[in-house]
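Single-letter residue listing:
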Amino acid sequence: MHPAARQAGKTRKEARRRRAPLRPAQLLALALSVTFLSGCALLQPLPGEAALEQRLKSFPTADLPLAAPVTIHWNEHQVPFVEAANDRDLAFALGMVHAHLRLAQMTMLLRITQGRLAESAGPLAVDIDHSLRILDFARGAAEFEAAMPPETRAFVGDFVAGINYYQGKLKDDELPHEFHVLALKREPWSVRDVLAIGRLAGTDINWLGYFSLLKLRERPDWRELYARILKAGGDSLTSFSSADQAGILKQLLAGASRTGSNALVVSGARSSSGAALLASDPHLGIQMPNLWLIAGMKSPSYHAVGFMIPGVPIVALGRNPHIAWGGTNMRAASSDLFDVSKLPPAQLASRKERIKVRWWFDKTVTVRSSPLGPVVSDAPLLGWHGKPPFALRWIGHEKGDEITAMLKASRAKSFAEFRAAFATFAVSAQNMVYADRAGNIGQVMAAMLPVRAHGTPPDLILDPADPAAQWKTIATAAELPAAYNPKSGYLASANNKPTAAPFPIGYVFSQDDRMQRMNAFMAARPRLGLADLKALQRDVAVPSSLQLRDLYLAAIARTKADARPDRRAARVLELMRGWDGQYDAAQQAPVAFELFHHRFQERYYVRRYGEEAAATMFTIAAMPRLLAEDIPNIPDAELAPLLADALAEAGKKLRRFKNWGEMHRLGLSHPLAFAPLIGGRYRFGDMPTGGSTESLMKTAHSSTDRRHFTRYGQQARFVADLADPDANYFTLLGGQDGWLGSSTALDQLKLWQDGAYIQLPLRAEAVRARFRRAMTLAPAR
């Protein structure tokens, strides 16, 4: 065992005796259990099934504060297409639509930004609220609002007015089920609330790594671990060439922010239609309701269809008559942690805030900030008490107007206009891909990135006096590299490094599997159409698993670890040798590989680094890269028993699962699913699924030897052919409606499983043909 692992005392046996950190939803559930001592609020009956017509009847249509009538066309999945005679009426109607479909979800997202979960979940959420208030997603919102162009401020203001109007018209017994169970109240929304939700969606994915690594920083081998993780995460294919306890907070932020995705654009020269094609599928937490909603719209300035974030009036991924756009998280270095222990005390400002607590006494907490940003080391969930304080400097606290950027992008007619639209886009940094009717394709780095002198940061927490760590300037989309009509005829992005740059773009990127699959897919097809892109979005191959399988098999042969296998171990070897790298739900081979791989890497890295460090590496690092580096260097005398043990253990457990789908499951759960006694009412589905953590159809999972559910991955799909304004196809994992009991809350689940899509046309006649339920919103007389 490595000395650091011995010193840490993190043996596997000790770790198993410790309680694993609770997920946010589980913590919420424990707090909610108090209700059984105070009125049994959770026994509020679930709403009965509501047909689409019944849901639409609840939508106010008369005497509205509009300048002119607005028509909303609804299809059978409760997807709206809003037609308005002016932009302000469009924004108002969109606010009503968002509230109609997702009021409870929007209210909870807003409470996350405000650090007000204890008002629903009770005393066990107080530390979460304190930590969220320190992160302060609304920091700078007043300045951001004031700096908005007048037309953007007016559009967002009208959107907010629509939200407030809709919720104000609901009677108490018409409010969503969650309002009663979680003691939510109707409160007026503001423009700053919308900006705060936008900032929550723009959370820097690097924070998730920072929070995991903090607990390892005092180990004597910290430098080695830090360097290895950065090296494994930084070696990524490019899209184009250029000329714990902290786990609670991590999961909460990861569930609401866009941390992964795939995107592909194909030029007209390589499409069967002659126009460009686009495919985009975002990856987020898998839950009900979905973190996207689908909508279409038309007004004098806007004519688009696509995915919207509930509570934010932009089309994040979509299509207008001229262009289509998609995107993936850039994993950019938008934040740094700075040691503030040497700052003069006068530079550390503090304020007191009161956290209201359901079923318990309220609590007053201290929130500190520095010139570099909030003092996040004070967050209780990070467990940093008594150590030198550090602050978080995040570009999202200082700059950016993503709403203006996306509104401009949705109106763009050319690549030049599209790229220029992102001049104010800051967080979260996105690789935005572009396709147009003329067959052109492009990629833009939509971000504001700090320009630093250093390459790889020397430490997790930096010295603010070090010139190499200081932010010299901020690069915007106008200065960052872009790609347009590459010779290959396509551009792909999968959270990989977008391109080379003279300063660090990011430090830890995704593994190359998804990029390799898209590159191979394009290499095999001189021309392709939408059917090909739809098939690609369901691809379940993982090249790195196949490469790792070959590495394991070569090591087994070299060390003769299979010299005396029993029948079960021999079956594991047989399945691994015949495997094609596909995580097909019907195959048993991926089960054999995952059982073997889990046992081997767990035993080797726990022995080398200890349980805590190994668990962190499994979460952050690209493990196939580390294993490819380590296995050839393990002495045979040490390697052989590790391999033999992995074969034996995999053999024992293989019979539990006839195929990958029996082990790897897909289910949709409402956050209330973790509530004691009644949680089962909020779980929907327990289905086999293919895919894995690094497949294009991402269904992420931890390394495990047990039956498990995927909690994160692909949860929305979009493809478009720019040759036809109506050839736009979308699907959500789950459904459009966030109201429990609605007939359209889960109706897209079957479409998802079958690889089917919902067509969302742009032409007025096609909208009327496919969206048969039309309602007119009438202005007040």
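Look up a bit, the structure's there.
So, here is what we can say about the structure in this document.

Reading the values: rules and limits
Residues numbered from 1 in each chain as written. Predicted model: local features only at pLDDT ≥ 70, side-chain atom pairs only at ≥ 80, totals over all residues. Heavy atoms only, no water. Helix = DSSP H or I, 4+ residues; strand = E, 2+ residues; numbered from the N terminus. Rg over C-alpha atoms; globule rule 2.2 N^0.38 Å. Buried < 20%, exposed > 50% of the residue type's maximum accessible area, 1.4 Å probe, protein only. Areas by Shrake-Rupley, 256 points an atom, 1.4 Å probe, with all protein chains shown as cover. Lys, Arg positive; Asp, Glu negative; His and termini not counted. Charge placed at Lys NZ, Arg CZ, Asp CG, Glu CD. Pairing = 2+ DSSP bridges. Axes fitted to C-alpha atoms, helices over the stretch in contact; angles between N-to-C directions. Core = buried A, V, L, I, M, F, W, Y, C linked by side-chain atoms within 4.5 Å. Contact = heavy atoms within 4.5 Å. 1 Å grid on protein atoms, 1.4 Å probe; cavity = no way out; pocket = protein on both sides within 12 Å on 5 of 7 lines; lining within 4 Å. Points joined across faces, edges and corners; volume = space filled by probe spheres on them. Nonpolar A, V, L, I, M, F, W, Y, C, P; charged D, E, K, R; others polar.

Here we take up the overall build of the protein chain. Helix and strand counts for the protein chain come out as 27 helices and 29 strands. For 781 residues, the compact-globule estimate of 2.2 N^0.38 gives 28 Å, and the protein chain sits close to it at 26 Å. Each principal axis of the C-alpha distribution contributes one length, and for the protein chain these read about 85 × 65 × 55 Å. Here the protein chain holds 781 residues, and 63% of them are scored as buried. If you sum the accessible surface of the protein chain, you get close to 28,600 Å²; carbon and sulfur atoms cover 52% of it. Each charge class in the protein chain was averaged separately, 95 positive and 74 negative side chains, and the resulting centres sit 3 Å apart.

Residue placement: A146 occurs in helix α8 (residues 141-147). The sequence separation of A146 and R199 amounts to 53 residues, and the corresponding C-alpha distance is 16 Å.

Okay, the sheet that holds strand β29 (residues 773-777) next. The sheet built from ten strands is open, its strands ordered β19-β15-β14-β8-β7-β6-β5-β2-β1-β29 with mixed pairing. Strands at the two margins of the open sheet, each flanked by one partner only, are β19 (482-484) and β29. Across the sheet, the axes of successive neighbouring strands diverge by a mean angle of 20°, strand direction being ignored. Here strand β14 (residues 430-436) runs beside strand β15 (residues 441-446); their pairing, made up of six bridges, is antiparallel. Among the inter-strand pairings, A435 is bridged to a residue of β15, identified as I441.

Core analysis: the largest hydrophobic core is formed by 227 residues, its most contacted members being F418, F422, Y552, F596, F600 and L777. Sort the elements by how many residues they give to this core and helix α5 (residues 87-114) lands first, with 16 residues. The residues contacting L777, other than those within four sequence positions of it, are F59, P60, T61, L64, L66, A68, P69, V70, I72, A93 and M96. In this structure, L264, V266, F521 and Y757 belong to the second largest nonpolar core, which totals 20 residues.

Counted as a void, the largest cavity has a volume near 460 Å³. Along its surface, the largest cavity is lined by 32 residues, and G198, A201, G202, I309 and I314 are the ones closest to its centre. Of all the elements in the fold, those that place two or more residues in the lining of the largest cavity are α11 (191-201), α15 (402-411) and β14. Examining the composition of the lining of the largest cavity, we find that seven residues originate from one element, α11, more than from any other. Tallied by class, the residues present in the lining of the largest cavity amount to 22 nonpolar, six polar and four charged.

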